[in-house]
Amino acid sequence: MSTFVPASRVSNIKISPSTAAAARARELKAAGRDIVDLTVGEPDFETPAAIKAEAHAAIDRGETRYTSVNGTLALRKAIIGDFSRRLGLSYADNEICVGGGAKQILFLALMASVDNGAEVIVPAPYWVSYPDMVIANDGKPIIVECPERDGFKLTPDALEAAITPKTKWLILNAPSNPTGVAYSKSELEAIGAVLLRHPHVFVLCDDIYDQVWFKDEPMTTLVAVVPDLKERVLLTNGVSKAYAMTGWRIGYGAGPAALVAAINKLQSQISSCPSSISQAAAAYALSSDQSFIKESVRVYKERRDYACKRLNEIPGLSCVVPDGAFYLYPNCGGVIGKTTPEGKVIENDLDFVLYLLDGVGVAALQGAAYGLSPYFRISFATSMEVIVEACDRIEKAVMSLQ
Ligand code: PLP
């Protein structure tokens, strides 16, 4: 029997660790283990009823065929309207592309632009998919560690030092998965000043969490702060996180027309277009009543405040308070070197999350998967009841270490 041998672009990458960890938590639950799952990367809310109703209506109107590659006109208009209303940005129709999730747009943007050896600067901690997306497209991820003392943010000096003649992209994700931190206006100005000195560097601004935002001052983005970069920024976003629509698979990008045309060309050969029905639902979500976002953010914020407080009270752990998104990235440096009741020494953050899973049934993700240790990532996109139980269990686990 002949054995299948994958192409190097497959063997060179790994399955997303967060997807794998979520699957592992589900398996353990199915096997009867009492697991508190904090690996989830999606809202625990239902998609609002009015959005669902619009999808039904789209089916009834017969919107069940291929759409144009760059999405329906209604969706493109809704995206342009949303960027204009919230961020004061103005995009033309040929500067918008639509895909099966922001993930697909990010992948297509890299596929459209990265040639052999092109470098992509990825600040760490990073969303687990970025390095592998770069590798799958024959590029070279340049990981730049952004330590906690810098607020987990890329500094202008670190950016300057990472740029080479081969740099194609900088990926900026804010609020960040996994830390939840975002850049202030002055921090973006400083990063922008470096980028203006290096006109060959483009920027992928992944703002997928920008509406899960806890601060009083409004969230902003690089291109709004430094408009001179507009021809070099692809702003990506989507309906997954803000509207609890992860399964609908609609994401989009706004950026220079030539890059958008290249993305659309690839899309025409890959999926033709995302689901027509999901596009109708997304267009409605972006242009109708936005109260769902306000209410869900209020609930996330309560959970964030509770979980941060509890974790910061546990000796050996400490947690930066996130500006947005629904993750915490606690520092577990204080438990490294300690011994579990079973006699195992916790040598790194992977050992710690395995101890949490085996010892007290809490599923979390090790910081090593996000490129910066010793940390672990937990999601608070789950009920308060689950969060309280998880904090109790984590506390018990840490207190049992010697
Ligand atoms: N970017 C970041 C930072 C994410 O965390 C995720 C999802 O977890 C995505 C993009 C993908 O979002 P979408 O559902 O639109 O593909």
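Details of the structure are given in the entry above.
Treat the numbers as computed from the prediction; the structure is a model and nothing was measured.

**Q** Hey, could you run me through unusual backbone geometry in this one?
**A** Residues apart from glycine generally show negative phi values, whereas peptide bonds are mostly found in trans. Look at the link from Ala 174 to Pro 175: it is a cis peptide, with omega at -15 degrees. As for its placement among the helices and strands, Pro 175 is situated in the loop between β5 (167-173) and α8 (185-196). Residue Ser 373 is joined to Pro 374 through a cis peptide bond whose omega torsion reads -5 degrees. One non-glycine residue, Arg 249, lies in the positive phi region at around 60 degrees. Among the residues examined, Arg 249 registers a relative accessible area of 33% and is labelled partly exposed. Positive phi outside glycine occurs at Ala 325, with the angle close to 65 degrees. Among the structural elements, Ala 325 can be located in the loop between α12 (291-312) and β9 (327-328). The class of Ala 325 is buried, set by a relative accessible area of 0%.

**Q** It is not clear to me how the side chain of Asp 207 should be interpreted in this structure. Could you clarify?
**A** Its place among the elements puts Asp 207 in the loop between β6 (202-206) and α9 (222-225). Buried charged residue Asp 207 carries no salt bridge. Nearest counter-charge: Arg 86, at 7.0 Å. Among all residues touching Asp 207, those that are not within four sequence positions of it are Ala 174, Met 219, Thr 221, Leu 235, Thr 236 and Asn 237.

**Q** I'm lost on empty space enclosed by the protein in this one. Help?
**A** If a probe as big as a water molecule is rolled over the atoms, it shows which places are left empty. Here the structure, examined in full by the defined rule, presents 3 cavities of 30 Å³ or more. Counted as a void, the largest cavity has a volume near 130 Å³. For the largest cavity, the lining is made up of 15 residues, of which Pro 123, Pro 125, Asn 173, Ser 176 and Tyr 183 are closest to its centre. Looking at the lining of the largest cavity, the elements that each hand over two or more residues are β3 (119-124) and β5. In terms of residue class, the lining of the largest cavity is built from 12 nonpolar, 3 polar and no charged. Surrounding the second largest cavity, Leu 172, Ala 174, Tyr 183, Leu 188, Cys 205, Asp 207, Met 219, Thr 220, Thr 221 and Leu 222 form its lining. Looking at the lining of the second largest cavity, its residues break down into 7 nonpolar, 2 polar and 1 charged.

Reading guide: rules and limits
Residues numbered from 1 in each chain as written. Predicted model: local features only at pLDDT ≥ 70, side-chain atom pairs only at ≥ 80, totals over all residues. Heavy atoms only, no water. Helix = DSSP H or I, 4+ residues; strand = E, 2+ residues; numbered from the N terminus. Buried < 20%, exposed > 50% of the residue type's maximum accessible area, 1.4 Å probe, protein only. Lys, Arg positive; Asp, Glu negative; His and termini not counted. Salt bridge = Lys/Arg side-chain N within 4 Å of Asp/Glu carboxyl O. Contact = heavy atoms within 4.5 Å. 1 Å grid on protein atoms, 1.4 Å probe; cavity = no way out; pocket = protein on both sides within 12 Å on 5 of 7 lines; lining within 4 Å. Points joined across faces, edges and corners; volume = space filled by probe spheres on them. Nonpolar A, V, L, I, M, F, W, Y, C, P; charged D, E, K, R; others polar.

Read these as geometric descriptors, not functional statements.
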